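Take a look at the letters that make up each chain.
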Amino acid sequence: MTSHPTDTPTFADLALHSVLVEAVSALGYEAPTPIQAEAIPPLVEGRDILGLAATGTGKTAAFSLPILHQLATAPGARSVTALVVVPTRELARQVARALHSYGKNLGVRVLPVYGGAPMGPQLRALSRGVDVVVATPGRARDHLERGTLQLGGLRMVVLDEADEMLDMGFQEDIEALLESAPKSRQTALFSATLPRRLEEIAAAHLTDPVRVELRPSKDAATTGPAVEQVAHVVRPGDRDAALARILDFEEPEAMLIFRRTRLGVDELVESLVSRGLRAEPLHGGMSQSQRERVMARLRSRSADLVVATDVAARGIDVPHITHVLNYELPTSPEAYTHRIGRTGRAGREGKAITLISRRERRVLRRIEQVTGRPVHLRPVPTLDELRAVQLDRLRSRVLEVAGAGELEDYRTLVAELARDHDPLDIAAAALKALHEDAAPEEESLELEHQPGPRADRGPRPQGNGHPDGIPWAQIQLSLGRMAGISPGDIVGALANVAGLGTRDIGSIDIVERSSFVEIRADAIEHVLSLVPRMHLRGRPVYGRRARPRQR
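Values in this document were obtained by computation on a predicted structure and should not be read as measured data.

Undergrad: What is the right way to look at the overall build of the chain in this model?
TA: Per the secondary structure count, the chain includes 21 helices and 20 strands. Per-residue burial for the chain yields a buried fraction of 51% across its 551 residues. Look at the contacts in the chain between residues 6 or more apart in sequence, and 75% of them connect residues 24 or more apart. When the accessible area of the chain is evaluated, it comes to approximately 26,500 Å², of which 50% is carbon and sulfur surface.

Quick look at the structure:
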């Protein structure tokens, strides 16, 4: 059964408990999303649900509010009343936060349970009693087999992003959990796609489910989710250069960049960091604590770019991610759908950019067929287009500063300069200087190119030499990314200990266990003699001349 309401209801129309209606109103939500409007009423009635909708459409509230409605109308005992199973730790924390937020006035006890976290706190919380457990499949099954997760009083089971859990190899765990739950419980299954394995699970474990399927309408290309989708055809060797141009042109507030492999993630992060960008990796080869630190930096805006693999990025919900970039095409249209669902969240606009080769155009057409939305083929922005965009930004910034006032000191300076120069020339020269400081270097996409806008450290090396004609040399320091080293740490240490200025320091390339720093060649012996006095992040560091490295 698929319903298609023409008039969007309010939350008060969905038969939810009044406390929950007040909660969502206080949080600023005015109307339910389509998936919420269609799924909440049957869930409140106690029906099973098979919900098919893309990531980012509001599925979390679609099942969280009915769970809380049940607890508001018939409070649970000490045993677990609802179990929500999700594919990743990040999504488990996100769903738990949402349940806390919606149900804070009900005193509902919610516990996120996932691998990579200490067992002790989870065991103690379960023994004290919780109402809702939000868990990854493996850790939930672990607790089930230990006897620490009791499902005898369970009223509802929710499987969220079920297709992803199957792709990640959790089918056996999911079926074990469903088999252990009471037959009388209510079941809700949400997924972006419906592969055959998932159909079989639904047939075996859902009872007469209401099927809620949100398919794009004919007008979805222009009125659907606020994610603009574009693709650029580039040669494989030009992807880094294309990324650099895109970063300069788009100036994303925060961007999630997808690569297929862990090695690809690490290589791209090293390249971005060497240009002074605040980029972080996110992949399965990192420990849980490392991944949590990356997410904390992204949320606090101390990282602008996160380069991730598909699995590691599941469940990321950071509203200020303005852009998603597919450095390579994903392995399936479904994976593409999950990727672009990381932007355009919470009613905001977003942009999804994909780099493809000429041979991949057919794959792009298949993605359009599955998503029901067009992906517009466009050339990579030209340098002329980039200059025009930057001049527009400069114009806006000047008008903003002019409107803020407090210009007396600068008026005095302009008056002094105007004694010997045309005031219009003075203003034009000031704007030119500001624009040149921010302008990208004119590198062709035909050439090998290190991505990213200009670093804040000072001018880049020109060719193989210093701007003053002095050759560059490279030193290797004994600390790198594992020690939390940033370009700013290195620049500060070289300035404080060796007296180098920003013009004396070139590119900085930070890798896992060491850092490679370009400095003016005539200062290398002086710097190396002083490195033993340096400390980076409170740790002693050792240095030597860098051996040539393969790029």
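Undergrad: Help me out: how do you make sense of the environment of E525 in this one?
TA: For E525, the position within the fold is in helix α21 (residues 524-530). E525 gets classed as exposed once you look at its relative accessible area, which sits at 51%. A C-alpha to C-alpha distance of 9.2 Å links E525 and R545, two positions 20 residues apart in sequence.

Undergrad: Help me out: how do you make sense of the confidence of the model for the chain in this one?
TA: Interpretation of this model should avoid reading the predicted coordinates in detail wherever pLDDT is low. Chain-level statistics for the chain give a pLDDT mean of 81 and a share of 86% at 70 or above. Overall, residues 216-224 carries pLDDT values under 50, and its contacts beyond four positions in sequence, including any with other chains, amount to 8 contacts. Across residues 446-463 the pLDDT falls below 50, and counting only partners more than four positions away or on other chains, this stretch makes 60 contacts in the model.

Undergrad: Got a minute to help me understand unusual backbone geometry in this structure?
TA: A negative phi angle characterises most non-glycine residues, just as the trans form characterises most peptide bonds. Phi is positive for A15, close to 65°, though the residue is something other than glycine. Examined against the element boundaries, A15 turns out to sit in the segment before α1 (18-26).

Undergrad: Sorry, what's going on with helix α5 (residues 119-128) here?
TA: Along α5, the residues classified as buried are M119, Q122, A125 and L126. Buried positions in α5, seen along its axis, are confined to an arc of 135° and lie on one side of it. Buried positions along α5 lie against β3 (110-113), β4 (132-135) and α6 (137-146). One or two residues past the end of α5 sits G129, with phi positive at roughly 110°.

Undergrad: For this particular structure, what's the right way to read the side chain of H205?
TA: Along the chain, the position of H205 falls in helix α9 (residues 196-205). The exposure class assigned to H205 is buried, which follows from its relative accessible area of 12%. Filtering out sequence-adjacent residues up to four positions away, H205 remains in contact with D48, L178, E179, R185 and T187.

Undergrad: I would appreciate a short explanation of the packing of aromatic side chains in the present structure.
TA: Within this structure, the stated rule accounts for 1 aromatic pair. Between F63 and F190, the aromatic rings sit 5.8 Å apart at their centres with planes inclined by 45°, giving tilted as the arrangement. Residue F63 is located in helix α3 (residues 59-73), and its partner F190 is located in strand β6 (residues 186-191); the two are separated by 127 residues in the primary sequence. Using a relative accessible area of 0% as the deciding quantity, one classes F63 as buried. Using a relative accessible area of 0% as the deciding quantity, one classes F190 as buried. Cation over ring: R93 sits above Y114, and NZ or CZ is 5.3 Å from the ring centre.

Undergrad: Before we go on, may I ask you to explain the pairing of β4 in this structure?
TA: Within a regular beta strand, the side chains point alternately toward one face of the sheet and then the other, so they alternate between its two faces. Neither face of β4 is open: one carries V132 and V134, the other V133 and A135, and all of them are buried. For strand β2 (residues 82-85) and β4, the ladder comprises 4 bridges, and the chain directions are parallel. Looking across to β4, one finds that L83 is bridged to V133. The sheet contact formed by β3 and β4 spans 4 bridges and is parallel. Within β4, the position partnered with L111 by the bridge is V133. Viewed along the sheet, the connection from β3 through α5 into β4 turns out right-handed.

Undergrad: Even after reading the chapter, I still don't get the environment of L111, so can you show me in this structure?
TA: Mapped onto the fold, L111 is located in strand β3. Along the chain, L111 and A92 lie 19 residues apart, while their C-alpha atoms are 9.2 Å from each other. Among residues more than four places away in sequence, those in contact with L111 are Q122, A125, L126, V130, V132, V133 and V134.

Undergrad: Can you walk me through the pairing of strand β16 (residues 505-510) in this structure?
TA: Taking burial as the measure, the 6 residues of β16 include 6 buried ones, the bulk of the element. Two elements, β16 and strand β17 (residues 515-520), share 4 bridges in a ladder whose sense is antiparallel. Of the residues in β17, the one forming a bridge with I508 is V517. The antiparallel hairpin formed by β16 and β17 contains 4 residues in its connecting segment.

Criteria and thresholds
Residues numbered from 1 in each chain as written. Predicted model: local features only at pLDDT ≥ 70, side-chain atom pairs only at ≥ 80, totals over all residues. Heavy atoms only, no water. Helix = DSSP H or I, 4+ residues; strand = E, 2+ residues; numbered from the N terminus. Buried < 20%, exposed > 50% of the residue type's maximum accessible area, 1.4 Å probe, protein only. Contact = heavy atoms within 4.5 Å. Areas by Shrake-Rupley, 256 points an atom, 1.4 Å probe, with all protein chains shown as cover. pLDDT = per-residue confidence, 0-100. Arc of directions from axis to C-beta. Phe/Tyr/Trp six-rings, centres within 6.5 Å; stacked < 30°, edge-to-face > 60°. Lys NZ or Arg CZ within 6 Å of the ring centre and 35° of its normal. Pairing = 2+ DSSP bridges. Right-handed = clockwise from strand over helix to strand, strands pointing away.

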